[in-house]
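# Residue-level structural notes
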Amino acid sequence: MPVFAANLTMMFNEWSFLDRFDAATEAGFTAVEYLFPYEAPPEVIADRLARNNLQQALFNLPPGEWAAGERGIAALPGRFDGLKADVEQALDYAAATGVKRLHLMAGLADPSDPEAASCYRRSVAYTAERLADKGIDLLLEPINARNMPGYFLNDFGAAERLITELGLANVKLQFDIYHRQIMHGDVAMALRRLLPITGHIQIASVPSRHEPDDEELNYPYLFAEIDRLGYGGFVGCEYTPRGRTLDGLNWFKPFARS
Ligand SMILES: O=C(O)C(=O)[C@H](O)CO
Ligand SMILES: [Mg+2]
């Protein structure tokens, strides 16, 4: 049975960020993920996790100036010193939360630009090495161009090639099924092929990015396939509820902690 992580950036928005940990637990989740923890002190987040007996499945390393439109800095020339500081900040939060995987966003850059490609490779290799010291996986996530125009890592093949070429045991794919379907389709076959290099899975309906219970993907089939393949990681629920979060959790009832 997949272990689902509530994405607290997108779900449970009826509560303040810190209260979302309690609300997700009440709803039966045993794990959480979110984009960024950095506005709350690490010990405060650690306390919310501990008091709810929740596992921290994933969060992102700092993404640069998000409010100014940045979506990561790993592929941006001249930002390597900033990236090094970001890695240390993320590691402080990792130590407090016990998270075992972090997502590094690439940034907005032309994937065919050799300078961007070389910056990205250097950033990924450096970050992977720092995280390996702490037993943490580094995740790379291809993101579709409709949601994030101009994003550097916009192709599953490019992610697979880099992961394979680097050959670093802790660099893995963040397989967001929503992005996969929009970018390439062929979800089940891709899961079968890429599972050995996959460190985290995320889900949402396509095309609306709502609950995984409608629209063009057959999630009950995909959940069974993920189990059949022996996936032992988390499945992040990275979707915007159609209405109130709790009203949209019927799909989750068979998997909820009682
Ligand atoms: O956008 C997504 O799908 C993600 O998982 C990210 O973490 C991007 O911020
Ligand atoms: Mg995602």
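Coordinates for the structure precede this section.
Residues numbered from 1 in each chain as written. Chains lettered and ligands numbered in written order. Predicted model: local features only at pLDDT ≥ 70, side-chain atom pairs only at ≥ 80, totals over all residues. Heavy atoms only, no water.

### Observations regarding the side chain of Asp86
Put simply, the test is: Secondary structure follows DSSP: runs of H or I at least 4 residues long count as helices, runs of E at least 2 residues long count as strands, and numbering of each begins at the N terminus. Here the term buried applies to any residue with accessible area under 20% of the maximum for its type, exposed to any over 50%, and partly exposed to those in between, with areas from a 1.4 Å probe on protein chains only. Only four residue types enter the tally: Lys and Arg on the positive side, Asp and Glu on the negative side; His and the chain ends are excluded. Here, a salt bridge means any Lys or Arg side-chain nitrogen found within 4 Å of an Asp or Glu carboxyl oxygen. It only takes one pair of heavy atoms within 4.5 Å for two residues to be counted as in contact.
Mapping Asp86 onto the fold places it in helix α3 (residues 80-97). The side chain of Asp86 sits in the buried core without any salt bridge; Arg79 is the nearest counter-charge, 6.7 Å away. When near neighbours in sequence (up to four residues on either side) are disregarded, Asp86 contacts Leu61, Pro62 and Ile73.

### As for the sheet that holds strand β3 (residues 55-60)
Heads up, the rule is: At least two DSSP bridges between two strands are needed for those strands to be called paired. Orientation is described by lines fitted to C-alpha atoms, with helices fitted over the stretch in contact, and by angles between N-to-C directions that extend from 0 to 180 degrees.
Taken in spatial order, the eight strands close into a barrel running β1-β2-β3-β4-β5-β6-β7-β8, and their pairing is parallel. Strand after strand, the sheet turns through a mean of 30° between neighbouring axes, direction not considered. Examined bridge by bridge, strand β6 (residues 171-176) and strand β7 (residues 198-203) share four bridges and lie parallel to one another. Within the sheet, the bridge partner assigned to Asp176 lies in β7 and is Gln202. Sheet contacts for helix α7 (residues 187-194): β6 and β7; angle to β6, the most-contacted strand, approximately 165°.

### Quick notes on the nonpolar core
To be explicit about the condition: In these notes, a set of buried Ala, Val, Leu, Ile, Met, Phe, Trp, Tyr and Cys residues joined through side-chain atoms within 4.5 Å is what counts as a nonpolar core.
Ranked by internal contacts, the top residues of the largest apolar core, which has 81 residues, are Phe12, Phe29, Tyr120 and Ile177. Sorting elements by how many residues they give to this core places α3 first, with seven residues. With residues near it in sequence (within four places) discarded, Phe12 still touches Ala6, Arg20, Ala23, Ala24, Ala27, Phe29, Thr245, Leu246 and Leu249. Core analysis: the second largest hydrophobic core is formed by six residues, Ala5, Ala31, Ala57 and Leu139 among them.

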